[in-house]
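Residues per chain are reported as follows:
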Amino acid sequence: SVVHSWVGPKGDLHDFENALWHIEVKQSMLPDPVAHVHPISQLEPIDIPFNLVVISLSRDETGENIQSIIDEIRGNIASQPDVSDHFEEVLSQSVYPRLSQMQKLEGYSIKKIGRLEINGDTNVLHPTQILTGVQYDDIFWKLRYSDHPFVEIDEEFWMNPGAM
């Protein structure tokens, strides 16, 4: 399941990883969303389907809040103890426990959700694009949504993220 594949807060390279696919998720509040990428290898192509998902958000008092989304997920997985245990473990390592109650209740609306397939033809920065001999310790970089061929995500994608 997608919930069982959530590993990002545990320090893994991508937010969701399983044997058949990986997904990296970024959010942005900007009108033309920007994804902050780190480490440099985060968007390096891999041998299985890999997508960068960018969620464009706006503040909205009547929108959803993180607390209600967490509660909904908990309700949906309550009958699956192994998935529920995994979710709680990863959630405890995320930023969520450090949020104030006010932050957990701030409302947001999703403006758009797009995905960019990451493969050898995708024009993104990763270590193999850096010339041999170039010395660097660490690189943080930004990817602008409008500069890439993102496609809108539908429910089918979440049912089988490895199908392209």
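Residues numbered from 1 in each chain as written. Predicted model: local features only at pLDDT ≥ 70, side-chain atom pairs only at ≥ 80, totals over all residues. Heavy atoms only, no water.

Enquirer: What is the right way to read the nonpolar core from this model?
Expert: As a rule of thumb, soluble globular proteins bury nonpolar side chains together. Leu43, Leu52, Leu116, Val124, Trp141, Leu143 and Phe150 are the most contacted members of the largest nonpolar core, which has 15 residues in total. Elements represented by at least two residues in this core include exactly strand S3 (34-37), strand S4 (50-64) and strand S6 (141-144). By residue number, the principal contributor to this core is S4, which donates three residues. Contact partners of Trp141, with chain neighbours within four places excluded, come to Ala35, His36, Val37, Ile40, Leu43, Val124 and Leu125. Counting 14 residues, the second largest nonpolar core, distinct from the first, contains Trp6, Ile23, Ile153 and Phe157. (Core = buried A, V, L, I, M, F, W, Y, C linked by side-chain atoms within 4.5 Å. Buried < 20%, exposed > 50% of the residue type's maximum accessible area, 1.4 Å probe, protein only. Helix = DSSP H or I, 4+ residues; strand = E, 2+ residues; numbered from the N terminus. Contact = heavy atoms within 4.5 Å.)

Enquirer: Hey, could you run me through the side chain of Ser28 in this one?
Expert: Among the structural elements, Ser28 can be located in strand S2 (residues 22-28). Note on Ser28: relative accessible area 4%, which makes it buried. There is a polar contact of 3.2 Å between the side chain of Ser28 and the backbone nitrogen of Leu30. Beyond its immediate sequence surroundings of up to four residues, Ser28 is in contact with Pro33, Val34, Ile55, Ser56 and Leu57. (Polar contact = N/O pair within 3.5 Å; in protein donor to acceptor, adjacent residues only side chain to side chain.)

Enquirer: Where do I start with the sheet that holds S2 in this structure?
Expert: Taken in spatial order, the five strands make up an open sheet running S1-S2-S4-S5-S7, and their pairing is mixed. Each edge of the open sheet is held by one strand with a lone partner, namely strand S1 (16-17) and strand S7 (151-152). Bridge count between S4 and strand S5 (residues 108-117): 10 bridges; the pairing is antiparallel. Looking across to S5, one finds that Leu52 is bridged to Leu116. (Pairing = 2+ DSSP bridges.)

Enquirer: Is there a simple way to explain helix H1 (residues 66-77) in this structure?
Expert: Along an α-helix, a turn takes 3.6 residues, which lines up residues three or four apart on a common side. Spanning 12 residues, H1 covers 17 Å between terminal C-alpha atoms, matching the ideal 16 Å at 1.5 Å per step. For H1, the complete set of buried residues consists of Gln67, Ile70 and Ile77. Viewed end-on, H1 has its buried residues packed into an arc of 105°, placing them on one side of the element. Looking at H1, the residues exposed on the side facing more than 90 degrees away from the buried face are Gly75 and Asn76. Taken together, the buried residues of H1 touch helix H2 (81-93) and helix H3 (101-104). (Expected span 1.5 Å × (residues − 1). Arc of directions from axis to C-beta.)

Enquirer: Looking at this model, I keep getting lost on the pairing of S4. Mind explaining?
Expert: When a strand is regular, its side chains alternate between the sheet's two faces. Looking at chain direction, S2 and S4 are connected through seven bridges and run parallel. By the bridge assignment, Glu24 is partnered in S4 with Leu52.

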